[in-house]
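Here is how the chains run, residue by residue.
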Amino acid sequence: MEFPSKSVTLLLLFSMFFHSAISANFTELFQSFWAPDHLAIEGDNIKLSLDIVSGCGFESRRKYLFGRASAKIKLVEDDSAGTVTAFYMSSEGPSHDELDFEFLGNVSGEPYLVQTNIYINGTGNREQRHSLWFDPTLDFHSYSFFWNRQIIMFLIDGVPIRFFTNKEENFVPYPKNQAMKILGSVWNADDWATQGGQVKTNWSHSPFVATFKSLEINACEILLPENDESVAKMCGELGKFWWNKPSLNKLSKHKSHQLKWVRAKYLVYDYCKDRARFTELPRECAN
């Protein structure tokens, strides 16, 4: 897949008119939704801080249905136990759809875990956890979502770590009708994030700072009312937009090998293997 390389890129869909790519700065596309005093913009870097008073977060001003969203992130350094840095997409309401990257902090010297999750019509419980093949606190790495009517893919530095397929023919719900905002946040979750909540946040080490940059959106932006079904149909029209090309509905041979490598070496938890948690595994877990 080839994507724009500008620091912030947006693919606009103007009703039924032709779409075009534009670039904009962070504040044109995003806004704070929580504790703006804990969010600092320093050049190309967006720094999110967590202390004993508050975490913080930002959200896109628009919502999107299908395409790609990515950000480069440098995670909280040193002792990050109890903290979560999140990069995610979400619609609104109790029956919302959501795609999550959640980076679970740990004590100094221990590896980060990245948890991915998929909510469909308000129901999640589709967690996978991976360790990483690099230290995510030393430099920026790219984290991306790719989403169309047939697949959802989570990628790190272009390497797929998770591939979720539309199985509606087997009565498995799939997120294809709700436009989602793109969000980033850092927050305290020491009741569960690190070793099941056994290790708490050490506030003497705060503030905990995660840095985002190079946010990219190459997706179908919803400008009409959300309940306009023609928008969802148009965004997902086969072959009309790059994200709906049939060749993107499956992994290339190279990407397939990459995913197998990640699963073999770095997957540490998969809800589809958790028979202690589920008396009957979810339908999507069937091959």
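Above this text sits the structure in question.
Since this is a predicted model, take the numbers as computed values, not measurements.

What follows concerns the side chain of Asn 244. Tracing the sequence through the fold places Asn 244 in the loop between α2 (229-235) and α3 (253-266). Look at Asn 244 and you get buried, because its relative accessible area is 3%. A polar contact is formed between the side chain of Asn 244 and the backbone oxygen of Cys 235, at a distance of 2.8 Å.

Per the stated rule, a full pass over the model turns up 2 disulfides. Covalently, Cys 220 is tied to Cys 235 through a disulfide, its sulfur atoms 2.1 Å apart. Classification of the bridge connecting Cys 220 and Cys 235 rests on its S-S torsion, roughly -70°, and on that basis the disulfide is left-handed. Residue Cys 220 is located in strand β16 (residues 208-221), and its partner Cys 235 is located in helix α2; the two are separated by 15 residues in the primary sequence. Here Cys 220 matches Cys 235 in class, with each residue buried. For Cys 272, the disulfide goes to Cys 285, at an S-S distance of 2.0 Å. The disulfide joining Cys 272 to Cys 285 has a torsion of about -75° about its S-S bond and is therefore left-handed. Placement of Cys 272 in the segment after β17 (267-270) and of Cys 285 in the segment after β17 is noted, with a sequence separation of 13 residues between them. The two residues Cys 272 and Cys 285 agree in class, both being buried.

Next up on the list: the pattern of salt bridges. This model, assessed by the stated rule, comprises 10 salt bridges. A salt bridge links Glu 42 to Lys 47, with the shortest nitrogen-to-oxygen separation between them at 3.3 Å. Relative accessible area serves as the criterion here: at 27%, Lys 47 is assigned to the partly exposed category. A salt bridge links Lys 74 to Glu 77; the shortest N-O distance between them is 3.5 Å. Taking the relative accessible area as the measure of exposure, Lys 74 reaches 23% and is therefore partly exposed.

Parameters and conventions
Residues numbered from 1 in each chain as written. Predicted model: local features only at pLDDT ≥ 70, side-chain atom pairs only at ≥ 80, totals over all residues. Heavy atoms only, no water. Helix = DSSP H or I, 4+ residues; strand = E, 2+ residues; numbered from the N terminus. Buried < 20%, exposed > 50% of the residue type's maximum accessible area, 1.4 Å probe, protein only. Polar contact = N/O pair within 3.5 Å; in protein donor to acceptor, adjacent residues only side chain to side chain. Disulfide = S-S within 2.5 Å. Salt bridge = Lys/Arg side-chain N within 4 Å of Asp/Glu carboxyl O.

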